[in-house]
Amino acid sequence: MAKYSKKASEKVGEVMHEQKEGKLKSGRSGQKVSNPKQAIAIGLSQARKEGAKVPAKKGAPKKAAPKKAAAKKASPAKAAPKKAAPKKAAPKKAAPKKAAPKKAAPKKAAPKKAAPKKAAAARKK
C-alpha cells in the first residue's frame, strides 16, 4: 500500500518547481524558500490540508479515541456575562519639571558716602 497519494506527489512537484523558479515563499515571514527539503515539507503540508493521503508528521501526537462527554453539573443560577466597559485612555502625565538652579541674588552696591561738606567747600577755593 502506498504511503503517499498521487495528489500529494503532484502537489510536491508543483511546489518544487515554484522553489526552483524562486517564487516559493514561506508562510509567516514571507521569505523565499531556498532549501529543497523545506519546499517538500511545504508541499506535503499543503497536500495534507487539501485532504490528500499523506502520513502524519513525525513529531505529531496520535489522535486518541474520542471519549464520551462527561455529564456537566448544571449551576443553579447562571451569572449574566459581564460587559467590559470601554477603557478610556489615561491622560498622559507631563514629566515633572526639574527645578532650575537658583541664581545668587546680585549684590547691591554699597551707597557711596557723601563727602563732608567742609571738604567740598575747601576744594572750591
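Residues numbered from 1 in each chain as written. Predicted model: local features only at pLDDT ≥ 70, side-chain atom pairs only at ≥ 80, totals over all residues. Heavy atoms only, no water.

Let us look at the overall build of the chain. The helix and strand inventory of the chain stands at three helices and zero strands. Secondary structure of the chain in N-to-C order comes out as α-α-α. A total of 125 residues make up the chain; the buried ones form 14% of that total. Across the chain, every contact between residues at least 6 apart in sequence was considered, and the portion connecting residues at least 24 apart equals 51%. (Helix = DSSP H or I, 4+ residues; strand = E, 2+ residues; numbered from the N terminus. Buried < 20%, exposed > 50% of the residue type's maximum accessible area, 1.4 Å probe, protein only. Contact = heavy atoms within 4.5 Å.)

To continue, consider the nonpolar core. Ala8, Val12, Val15, Met16, Leu24, Val33, Ala39, Ile42, Leu44, Ala47, Ala52 and Val54 form the largest nonpolar core, which has 12 residues in total. With residues near it in sequence (within four places) discarded, Leu24 still touches Val15, Glu18, Gln19, Gln31, Lys32, Val33, Ala39 and Ile42. (Core = buried A, V, L, I, M, F, W, Y, C linked by side-chain atoms within 4.5 Å.)

Its 15 residues place the ends of helix H2 (residues 36-50) 21 Å apart at the C-alpha level, agreeing with the 21 Å of an ideal helix rising 1.5 Å per residue. Listed as buried for H2 are Ala39, Ile42, Gly43, Leu44 and Ala47. The secondary structure elements touched by the buried residues of H2 are helix H1 (6-21). Of the residues that open H2, the one with a side-chain oxygen 3.1 Å from the backbone nitrogen of Lys37 is Asn35. (Expected span 1.5 Å × (residues − 1). Polar contact = N/O pair within 3.5 Å; in protein donor to acceptor, adjacent residues only side chain to side chain.)

This brings us to the packing of H1 against H2. Closest axis-to-axis distance for the H1/H2 pair is 8 Å, and the angle between their directions is 140°. In terms of orientation, H1 and H2 fall into the oblique class. In this structure, the crossing between H1 and H2 has a hand that is right-handed. Contacts between H1 and H2 involve Lys7, Ala8, Lys11, Val12, Val15, Met16 and Gln19 from the former and Pro36, Ala39, Ile40, Ile42, Gly43, Leu44, Gln46, Ala47 and Glu50 from the latter. In terms of residue class, the contact of H1 with H2 is made up of 10 nonpolar, three polar and three charged. (Axes fitted to C-alpha atoms, helices over the stretch in contact; angles between N-to-C directions. Parallel < 35°, antiparallel > 145°, perpendicular 65-115°, else oblique. Left-handed = near helix turned anticlockwise from the far one by under 90°. Nonpolar A, V, L, I, M, F, W, Y, C, P; charged D, E, K, R; others polar.)

It is worth spelling out the layout of surface pockets at this point. Looking at the largest pocket, its volume works out to about 270 Å³. Taken together, Tyr4, Ile40, Ala41, Leu44, Ser45, Arg48, Pro55, Ala56, Lys57 and Lys58 make up the full set of residues lining the largest pocket. Of the residues belonging to the lining of the largest pocket, the class tally is six nonpolar, one polar and three charged. (1 Å grid on protein atoms, 1.4 Å probe; cavity = no way out; pocket = protein on both sides within 12 Å on 5 of 7 lines; lining within 4 Å. Points joined across faces, edges and corners; volume = space filled by probe spheres on them.)

Summed over the entire model, instances satisfying the criterion amount to three salt bridges. A salt bridge links Lys11 to Glu14; its shortest N-O distance comes to 3.9 Å. With Lys11 and Glu14 both in helix H1 and three residues apart, this pair spans about one turn of that helix. In this structure Lys11 comes out as buried when scored by relative accessible area, which is 16%. (Salt bridge = Lys/Arg side-chain N within 4 Å of Asp/Glu carboxyl O.)

Here we come to the confidence of the model for the chain. Chain-level statistics for the chain give a pLDDT mean of 78 and a share of 64% at 70 or above. Ranking the elements of the chain by mean pLDDT puts helix H3 (residues 117-124) last with 63 and H1 first with 94. (pLDDT = per-residue confidence, 0-100.)

Another aspect to go through is H1. Spanning 16 residues, H1 covers 23 Å between terminal C-alpha atoms, matching the ideal 22 Å at 1.5 Å per step. Residues of H1 that are buried sit in contact with H2. Looking one or two residues beyond H1, the residue adopting positive phi is Gly22, at roughly 85°.

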